[in-house]
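Breakdown of the fold
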Amino acid sequence: MSEETIIITDPDSDRYHTFGYISWWKQEVVRNATVMVIGAGALGNEVLKNLALMGIGNLLICDFDTIEDSNLSRSVLFRTTDNGRRKVDAAATAVKELNPDVNVMAWHGDINFEMGLGVFRHVDAIVGCLDNREARLSINRFSWAIQKPWIDGAIQELMGIVRVFWPGQGACYECTLTDQDYQIIGLRYSCPLLARQNLLQGKVPTTPTSASIVAAFQTQEALKIIHGMEVQPGKAIMINGLTNDIYTTEYPEKKGCLSHSVLDPIIELPEAHSNSTTLQELLAIARTKLGNEAILEFDGEIVTGMYCPTCDKEEPIFKKMARLYENEATCPMCNGRRDMRLTHRVTGDEPYLTRTLAQMDLPALAIIRGRNGSKHAYFELTGDKETFFSFA
Ligand SMILES: [Zn+2]
Ligand SMILES: [Zn+2]
């Protein structure tokens, strides 16, 4: 117990009055915090509700989905009239109603490919409220890359698991994956080329009770992380609602785990913006820092064009291969199959050097690798920070 002075406010005028009695609680820390909640489903609803009630200053809500009636049995923030709305928008509205003090930002998109890695660097806590292994694996790798902890929650029927993964401290999410998990992930990507629309969500039965129990633990872990308090990385809180057993278990770290890869050094570029900085300009920056032979490298392949051998025509595309849909491979002229023109690097000879990074399908606050032989650095489009984090 700390000896710090407890400030008791007027219960009639301060909605956070009761938290003032908790010795370690610092409302100004909570008010200044930015928390990213990934997934606005059953767990996300509950986590957002809790964070809003506590007066978290800034909430970044991320999801790609829209609301259907079957969500209503487990989603405290959604109403019947929300059918068809984007989950992030309905959640943002409800959070604001619940507590107008909270700044909310709704981000609609695919967290696997459409979020700049820098976003993860500039939040105080990352809460994963996901229902699939792929997104967990993505977030785990992002979290390792930029050395930030994340809080995972998982529910099925009356069971739940809560885990804090902290890069370099104990097992990470990927350390816990079994061969069967990899197989399930592999099945979903069995046709990795252009088959993303076939990615079906594995439906797991969940209840509002398991969601609220697990989300409550997740929120508490986020609260501790924000306050700089101790958490237990690499351990799982296992909750069995049938037998009422709750216990913690520790995972072993996996040697050679593919997630254990850190972007180092990351160089912040306050002058770089995804919407205005061109490839040429970023390459020039990389060359000042790394030498004249430096090139830029992307994490995945970028499709620069689609070429139809029958029509002998190339259409410029400039989109991450992972974000391409099957129908984009079909030639609109002859309906034949087109070939992809791919690149994952920029050497300075490209005809499209005047394209901006956004026009290369790189999102706000993206982090891009520059390399010159064995020398390398990671450049963050830090100029996007202010516009990206514009909480309404
Ligand atoms: Zn690992
Ligand atoms: Zn054609």
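The written sequence of each chain sets the order in which its residues are numbered from 1. Labels follow written order: the first chain is A, the first ligand is 1, and so on. Predicted model: local features are reported for residues with pLDDT of at least 70 only, side-chain atom pairs are reported and counted for 80 or more only, and whole-chain, interface and lining totals are derived from all residues. Note that the side-chain values use all heavy atoms of the structure and ignore hydrogens as well as water.

Per the domain assignment, the segments of the protein are domain 1 (33-250) and domain 2 (266-388). In this entry, domain limits derive from an automatic or database-based domain assignment. Computed from C-alpha atoms alone, the centre-to-centre distance between domain 1 and domain 2 is 29 Å. Throughout, a contact is declared for two residues whenever any of their heavy atoms are within 4.5 Å. Taken together, the 17 residues of domain 1 in the interface contact 21 residues of domain 2. Throughout, buried area stands for the accessible area (probe radius 1.4 Å) lost by two parts on being put together, summed over both. Roughly 1,800 Å² of surface becomes buried between domain 1 and domain 2 when both sides are summed, with 63% attributable to carbon and sulfur atoms. Across the pair E114 and R323 runs a salt bridge whose closest N-O atoms are separated by 2.7 Å. Within 3.5 Å is the distance limit for a polar contact, defined as a pair of N or O atoms, with the added protein rule that one can donate a hydrogen and the other accept it, and that residues adjacent in sequence qualify only through two side-chain atoms. Between the two partners, domain 1 and domain 2, sit six residue pairs in polar contact (both at pLDDT 80 or more). Those elements giving two or more residues to the side of domain 1 that touches domain 2 turn out to be β3 (103-108) and α4 (117-121). The numbering of helices and of strands both runs from the N terminus, where a helix is a DSSP run of H or I of at least 4 residues and a strand a run of E of at least 2. Counting residues per element, the side of domain 1 that touches domain 2 draws most heavily on α4, which supplies four residues. A carboxyl oxygen of Asp or Glu within 4 Å of a side-chain nitrogen of Lys or Arg is what we treat as a salt bridge.

Below, the discussion takes up the sheet that holds strand β1 (residues 34-38). In short, DSSP must find at least two bridges between two strands for them to pair. Taken in spatial order, the eight strands of this open sheet run β3-β2-β1-β4-β5-β6-β7-β8, and their pairing is mixed. Lying at the two open borders of the sheet, with one neighbouring strand each, are β3 and β8 (245-250). Within the sheet, the average angular offset between the axes of one strand and its neighbour, ignoring direction, is 15°. The pairing of strand β2 (residues 58-63) with β3 spans six bridges and is parallel. Working convention: axes come from line fits to C-alpha atoms, limited for helices to the stretch in contact. Angles between N-to-C directions cover 0 to 180 degrees.

What follows deals with the coordination of the zinc ion (ligand 1). C172 (SG), C175 (SG), C257 (SG) and H260 (NE2) make up the full set of protein donors to the zinc ion (ligand 1), lying at 2.1 to 2.3 Å. For the zinc ion (ligand 1), the four donor atoms in the first shell make angles of 101 to 119° at the metal, a pattern classed as tetrahedral. Here the coordinating atoms are restricted to nitrogen, oxygen and sulfur within 2.8 Å of the metal centre, or 3.2 Å for Na, K and Ca, and because water is not among them the sites may look incomplete. All donors to the zinc ion (ligand 1) come from one chain, and their sequence spacing reads C-x2-C-x81-C-x2-H. Linking C175 in the loop between β6 (159-165) and α6 (179-188) with C257 in the loop between β8 and β9 (266-268), this pair joins segments that are 82 residues apart in sequence. Four donors are marked tetrahedral only if all angles between them lie between 85 and 135 degrees, whereas four are marked square planar and six octahedral if opposite donors are more than 155 degrees apart and the other angles lie between 65 and 115; the remainder are marked irregular.

Once that is clear, we can look at the coordination of the zinc ion (ligand 2). Six octahedrally arranged donors around a metal ideally form angles of 90 or 180 degrees; four tetrahedrally arranged donors ideally form angles of 109.5 degrees. Those donors, C308 (SG), C311 (SG), C331 (SG) and C334 (SG), are the protein atoms that reach the zinc ion (ligand 2), and they lie 2.2 to 2.3 Å from it. Viewed at the metal, the four donor atoms of the zinc ion (ligand 2) are separated by angles of 104 to 115°, and the geometry they form is tetrahedral. Ordering the donors of the zinc ion (ligand 2) by residue number gives the pattern C-x2-C-x19-C-x2-C. Placement of C311 in the loop between β10 (295-308) and β11 (313-320) and of C331 in the loop between β11 and β12 (339-346) is noted, with a sequence separation of 20 residues between them. Partly exposed residues are those whose accessible area sits between 20% and 50% of the maximum for their type, while under 20% is buried and over 50% is exposed, using a 1.4 Å probe and protein chains only. On the basis of relative accessibility, which here comes to 29%, the residue C311 falls in the partly exposed class.

Moving on: unusual backbone geometry. In this structure, the amide linkage connecting D264 to the following residue, P265, adopts the cis form with an omega of -5°. Within the fold, P265 resides in the loop between β8 and β9. For E157, which is not a glycine, the phi torsion comes out positive at approximately 50°. Note on placement: E157 falls in the loop between β5 (150-156) and β6. Using a relative accessible area of 46% as the deciding quantity, one classes E157 as partly exposed. Although it is not a glycine, N244 sits at a positive phi angle of roughly 60°. In this fold, N244 is placed in the loop between β7 (235-240) and β8.

With six of seven residues buried, β5 is to be regarded as a mostly interior element. Examined bridge by bridge, strand β4 (residues 125-128) and β5 share three bridges and lie parallel to one another. Residue pairing across strands places I126 opposite W150, the latter belonging to β5. When the strands point away from the viewer, a crossover counts as right-handed if the path from the first strand over the helix to the second runs clockwise. The parallel pair β4 and β5 is bridged by helix α5 (residues 133-146), and the resulting crossover is right-handed. The sheet contact formed by β5 and β6 spans seven bridges and is antiparallel. Residue pairing in the sheet places A154 in a bridge with I161 of β6.

So, about the pattern of salt bridges. When their charged atoms lie close together, side chains carrying opposite charge are able to pair. For the structure on display, the rule yields 20 salt bridges. Among the ionic pairs, D65 bridges to K87, the shortest N-O distance being 3.2 Å. Of this pair, D65 sits in the loop between β2 and α3 (87-98) while K87 sits in helix α3, placing them 22 residues apart in sequence. Overall, the relative accessible area of 28% leaves D65 in the partly exposed class.

A few words now on the packing of aromatic side chains. Stacked, edge-to-face and tilted labels apply to pairs of Phe, Tyr and Trp rings (six-membered ring for Trp) whose centres lie within 6.5 Å, assigned for plane angles under 30 degrees, over 60, and everything in between, in that order. With the rule as written, the count across this model stands at nine aromatic pairs. An angle of 25° between the planes, with centres 6.4 Å apart, marks the rings of Y16 and F19 as stacked. Accessibility assignment for this pair places Y16 and F19 in one class, buried. A centroid spacing of 4.1 Å and a plane angle of 20° characterise the contact between F19 and W25, whose relative ring orientation is stacked. With relative accessibility at 11%, the residue W25 sits in the buried group. In this analysis the charged atom, NZ for Lys or CZ for Arg, is taken to sit over a ring once it is within 6 Å of the ring centre and within 35 degrees of the ring normal. Lying across the ring of F318, R355 places its NZ or CZ 3.6 Å from the centre.

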